[in-house]
Amino acid sequence: MPKPMSAARRTSIAGLLTATSLALALSGCATFDVTAPADARADAPAAEVKKKDTADAKAKDAKAKDGKASGNDVDCRKAKCVALTFDAGPSENTNRLLDILKEEKVHATFFMLGENHVDKRPAEVKRIDAEGHELANHTWSHQILTDISPAAAKREMSRLQKAVHKITGKSPKLMRPPQGRTDESVSKISKDLGLAQVLWSVTAKDYQTNDSALITKRVLEQTERDGIILLHDIYKGTVPAVPGILKELKKRGYTVVTVSQLLSPAKPEPGMVYRP
């Protein structure tokens, strides 16, 4: 018998998610499912919880023996976690960003574009994957999925999936709709393609400014536990802000993780919208 859904886990939402406020506006009968990271963790199937707890225990034992963590042993049920995400790359700034993340021993989720990005920079895509970051889908050409036909929206997502798989042998499990705009049709297509949708709670609006100090300030002002930070590695002010952001987040007791780590022991559910 399937596990009953909690009210927190399954919230039927009417309308569209706007890019600037992430507010839900009523618009007819379109519905889709939204859940927060904490609710997803709380409602994880018992088998996944047991698997996570077993893996954590093994990682703890391994660390006790050789002093090294596995890199995946963070438990956001206990730790004060925040997910770091980057949209619209890879770009000429991505290698520097990867250097910083490596130095800081932090993993992030990269919601990549296809046209002029993945197709032009396969080496960066390979490096993102090889260094343990999470590969994710931001469509092929950044078309607003709610403004185009379902067939076109499916092409936008599936073309990026195929391109990343060709480069890395892996298919993304997460998708961020451009401008955060989703609806019932986009959710159905995402589900069919095996993609969970990921929105955000923190935005520096780094598309408006190259002031790294301002970008840092905006991120730190908005960040709370279980938040999802949205940045863009395509803008020249963003990557220089990352070291200061990470330093202060660690000082405040945050553990910086990927989106999938934030959700664990739950697994990203295709079609679901995850939003803090």
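The residue count restarts for each chain, going from 1 along the sequence in the order it is written. Two thresholds apply to this predicted model, a pLDDT of at least 70 for residue-level local features and 80 or more for giving and counting side-chain atom pairs, whereas whole-chain, interface and lining totals are computed over all residues. The basis for every side-chain value is the complete set of non-hydrogen atoms in the structure, without hydrogens or water.

### Things to note about the packing of helix H6 (residues 150–168) against helix H7 (residues 184–192)
Okay, so step 1: Comment: axis = line fitted to C-alpha atoms, over the contacting stretch for helices; angle = value between 0 and 180 degrees taken between N-to-C directions. Secondary structure is summarised from DSSP: a helix means a run of H or I of at least four residues, a strand means a run of E of at least two, and numbering begins at the N terminus for each. For the pair H6 and H7, interaxial distance at closest approach is 10 Å and the crossing angle is 45°. In terms of axis orientation, H6 runs oblique to H7. Judged by the twist between their axes, the crossing of H6 over H7 is right-handed. Contact residues: Pro150, Ala153, Lys154 and Met157 in H6; Ser185, Val186, Ile189 and Ser190 in H7.
Okay, so step 2: Classifying every residue of the contact of H6 with H7 by side-chain character gives five nonpolar, two polar and one charged. Any angle between 65 and 115 degrees counts as roughly perpendicular, while under 35 counts as roughly parallel, over 145 as roughly antiparallel, and the rest as oblique. Note on convention: the crossing is left-handed when the near helix lies turned anticlockwise from the far helix by less than a right angle, right-handed when the turn is clockwise. In what follows, residue pairs with any heavy atoms lying within 4.5 Å of each other are defined as contacts. Side-chain classes are defined by residue name, with Ala, Val, Leu, Ile, Met, Phe, Trp, Tyr, Cys and Pro counting as nonpolar, Asp, Glu, Lys and Arg as charged, and the others, Gly among them, as polar.

### Structural notes on the state of the cysteines
Okay, so step 1: Throughout, disulfides are identified as pairs of cysteine sulfur atoms within 2.5 Å of each other. Considering all chains together, one arrives at one disulfide under this definition.
Okay, so step 2: At a sulfur-sulfur separation of 2.2 Å, the disulfide partner of cysteine 76 is cysteine 81. Residues cysteine 76 and cysteine 81 are joined by a disulfide whose S-S torsion is about -90°; by sign, that bridge is left-handed. For the pair formed by cysteine 76 and cysteine 81, the shared burial category is buried. A 1.4 Å probe rolled over the protein chains alone gives each residue an accessible area, and that area as a share of the maximum for its type sets the label: buried under 20%, exposed over 50%, partly exposed in between.

### Brief notes about the environment of arginine 275
Okay, so step 1: When you line up the elements, arginine 275 lands in the segment after strand E13 (273–274).
Okay, so step 2: The spatial distance from the C-alpha of arginine 275 to the C-alpha of tryptophan 200 is 5.9 Å, given a sequence separation of 75 residues.

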